[in-house]
Amino acid sequence: MDMKEQSTKTLVRKLNLLKKKISNGFPVMRGSVAVLGMKNKQPYFSVSINKKTNLVYLGKERTSAAKKCSANYKKMMKYVDEITLINMELLKRKVDPAKISYENS
């Protein structure tokens, strides 16, 4: 069903669900696991902040945790995209997203 065909109440319910999904999506890190090295390849977590690449050595024991954090971030950004589309539709309907009560919907 197209978002335009859904009721405002339904859209607010979706926002509430997405809010819960985001709050359950921790821990989160933007970046990725990179394997670096010519002969002795080692896993690092890599993220660019202020146009500077930051690396953290992971080793085998922390690689899966870093991958999970990165995957959580990617999921969270999909939710943010969905929230954006819903809020745009609400604004078209002259509903202020900042005034929505998420707890009671």
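Summarised in this report is the structure supplied together with it. Numbers given to residues run from 1 along each chain, matching the order in which its sequence is written. Only residues with pLDDT of at least 70 are given local features in this predicted model, and only at 80 or more are side-chain atom pairs given and counted; all residues enter the totals for whole chains, interfaces and linings. Excluding hydrogens and water, the side-chain figures rest on all heavy atoms present in the structure.

## Overview of the pattern of salt bridges
Throughout this description, the term salt bridge denotes a Lys or Arg side-chain nitrogen within 4 Å of a carboxyl oxygen of Asp or Glu. Going through the model one piece at a time under the given rule, you end up with 1 salt bridge. A salt bridge links Glu89 to Arg93; its shortest N-O distance comes to 3.0 Å. Exposure is judged per residue with a 1.4 Å probe applied to protein chains only, and the accessible area is read against the type maximum: over 50% gives exposed, under 20% gives buried, and values in between give partly exposed. Judged by its relative accessible area of 9%, Glu89 falls in the buried class.

## Regarding the sheet that holds strand β1 (residues 32-36)
A sheet is described by the order of its strands in space; here 3 strands give the open sequence β1-β2-β3, paired in antiparallel fashion. Two strands close off the open sheet at either side, each with one partner strand: β1 and β3 (52-57). Within this sheet the neighbouring strands show an average axis-to-axis angle of 40°, counted without direction. Criterion used throughout: strands pair if DSSP finds at least two bridges between them. Put simply, DSSP H or I for four residues or longer makes a helix, DSSP E for two residues or longer makes a strand, and each gets a number counted from the N terminus. Judged from the 5 bridges that link them, β1 and strand β2 (residues 42-49) form a sheet pairing that is antiparallel. Within the sheet, the bridge partner assigned to Ser32 lies in β2 and is Ser46. Each axis is a line fitted through C-alpha atoms, taken for helices only over the stretch in contact, and angles between the N-to-C directions span 0 to 180 degrees.

## A few points about the side chain of Asn87
Turning to its location among the elements, Asn87 is positioned in helix α2 (residues 59-92). Using a relative accessible area of 18% as the deciding quantity, one classes Asn87 as buried. With near-sequence residues (within four places) excluded, Asn87 lies in contact with Leu15 and Pro97. Contacts are residue-level and defined by heavy atoms, with any inter-residue pair within 4.5 Å sufficient.

## Thoughts on the packing of aromatic side chains
Two rings from Phe, Tyr or Trp (for Trp, the six-membered ring) form a pair when their centres sit within 6.5 Å of each other. Planes less than 30 degrees apart are called stacked, planes more than 60 degrees apart edge-to-face, and all others tilted. Throughout the structure, instances matching the rule amount to 1 aromatic pair. Residues Tyr44 and Tyr57 carry aromatic rings whose centres are separated by 5.5 Å and whose planes lie at 70° to one another, so their mutual orientation is edge-to-face. You can see Tyr44 sitting in strand β2 and its partner Tyr57 sitting in strand β3, a full 13 residues away along the chain. Its relative accessible area of 24% is what places Tyr44 among the partly exposed residues.

## Focus: the side chain of Gln6
Along the polypeptide, Gln6 turns up in the segment before α1 (8-23). Polar side-chain contacts of Gln6 include one of 3.0 Å to the side chain of Lys14. By the criterion applied in these results, polar contacts are pairs of N or O atoms within 3.5 Å in which, for protein atoms, one can donate a hydrogen and the other can accept it, and in which residues neighboring in sequence qualify only through two side-chain atoms.

## Re the nonpolar core
Formed by Leu11, Val12, Leu15, Leu18, Ile22, Met76, Tyr79, Ile83, Ile86, Leu90 and Ile100, the largest nonpolar core amounts to 11 residues. For this core, the secondary-structure elements that each account for two or more residues are α1 and α2. Ignoring any residue separated from it by four or fewer positions in sequence, one finds Leu11 in contact with Met3, Gln6, Ile86, Glu89, Leu90 and Arg93. We define a nonpolar core as any set of buried Ala, Val, Leu, Ile, Met, Phe, Trp, Tyr and Cys residues linked to one another through side-chain atoms lying within 4.5 Å.

Fair warning: the whole summary comes from geometry, so function is off the table for now.
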